[in-house]
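Observations on the model geometry
In case you want the letters, here they are:
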Amino acid sequence: QVQLAESGGGLVQPGGSLRLSCAASGTIFSPNRMGWYRQAPGKERELVATIISNRSTNYADYVEGRFTISRDSAKNTVYLQMNSLKPEDTAVYYCNMRRIVARLDYWGQGTQVTVSS
């Protein structure tokens, strides 16, 4: 089993920045993909960004150029640097780990990000 612990959410003004972290623990299989998804009130959960290695990343169009995903494989930790935040980025952000071969997904409990003046 895998446990994912997110941190770094909070309240920030439009144009501000936040950095989310997610540390994985437990039995971790490779290869795996880590990523961030978000869910706003009344909306479905959506992809933000995923990473297999620091040379293999994928971003949703609406965060391209503003958010950067990275990982420290030695620490089993993934980060999401969020810059130029907008009110529409307000959501609960969930960390995800996918075992690529077994196609199993693990989820964190979520961390709230609120962008408001």
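Okay, so let's go over this structure.

Parameters and conventions
Residues numbered from 1 in each chain as written. Predicted model: local features only at pLDDT ≥ 70, side-chain atom pairs only at ≥ 80, totals over all residues. Heavy atoms only, no water. Pairing = 2+ DSSP bridges. Helix = DSSP H or I, 4+ residues; strand = E, 2+ residues; numbered from the N terminus. Axes fitted to C-alpha atoms, helices over the stretch in contact; angles between N-to-C directions. Phe/Tyr/Trp six-rings, centres within 6.5 Å; stacked < 30°, edge-to-face > 60°. Buried < 20%, exposed > 50% of the residue type's maximum accessible area, 1.4 Å probe, protein only. Lys NZ or Arg CZ within 6 Å of the ring centre and 35° of its normal. Core = buried A, V, L, I, M, F, W, Y, C linked by side-chain atoms within 4.5 Å. Contact = heavy atoms within 4.5 Å.

Examining the sheet that holds strand β8 (residues 77-82)
In a beta sheet, neighbouring strands are held together by backbone hydrogen bonds and run either parallel or antiparallel to one another. Here we have four strands laid out as an open sheet, ordered β1-β3-β8-β7, and antiparallel in their pairing. Lying at the two open borders of the sheet, with one neighbouring strand each, are β1 (2-7) and β7 (67-72). Averaged over all pairs of adjacent strands, the angle between strand axes in this sheet comes to 15 degrees, irrespective of strand direction. Relative to strand β3 (residues 18-26), β1 is paired through six bridges, and the arrangement is antiparallel. If you follow Val2 over to β3, its bridge partner there is Gly26.

Remarks on the packing of aromatic side chains
Enumeration over the complete set of coordinates arrives at one aromatic pair. A centroid spacing of 5.1 Å and a plane angle of 70 degrees characterise the contact between Tyr37 and Trp107, whose relative ring orientation is edge-to-face. Placement of the pair is Tyr37 in strand β4 (residues 32-39) and Trp107 in strand β10 (residues 104-107), with a sequence separation of 70 residues. Accessibility expressed as a relative area gives 36% for Trp107, which makes it partly exposed. In this structure, Arg45 is placed above the aromatic ring of Trp107, and the distance from its NZ or CZ to the ring centre is 4.6 Å. Sitting over the face of the ring of Phe29, Arg99 holds its NZ or CZ atom 4.0 Å from the ring centroid.

Some points on the nonpolar core
With 28 residues, the main nonpolar core has Leu4, Met34, Trp36, Leu80, Met82 and Tyr93 as its most contacted residues. Contributing elements (two or more residues each) for this core: β1, β3, β4, β5 (46-53), β7, β8, β9 (91-99) and β11 (111-115). Setting aside residues no more than four positions away along its own chain, Leu4 makes contact with Cys22, Ala23, Ala24, Met34, Cys95, Asn96, Met97, Tyr106, Trp107, Gly108 and Gln109.

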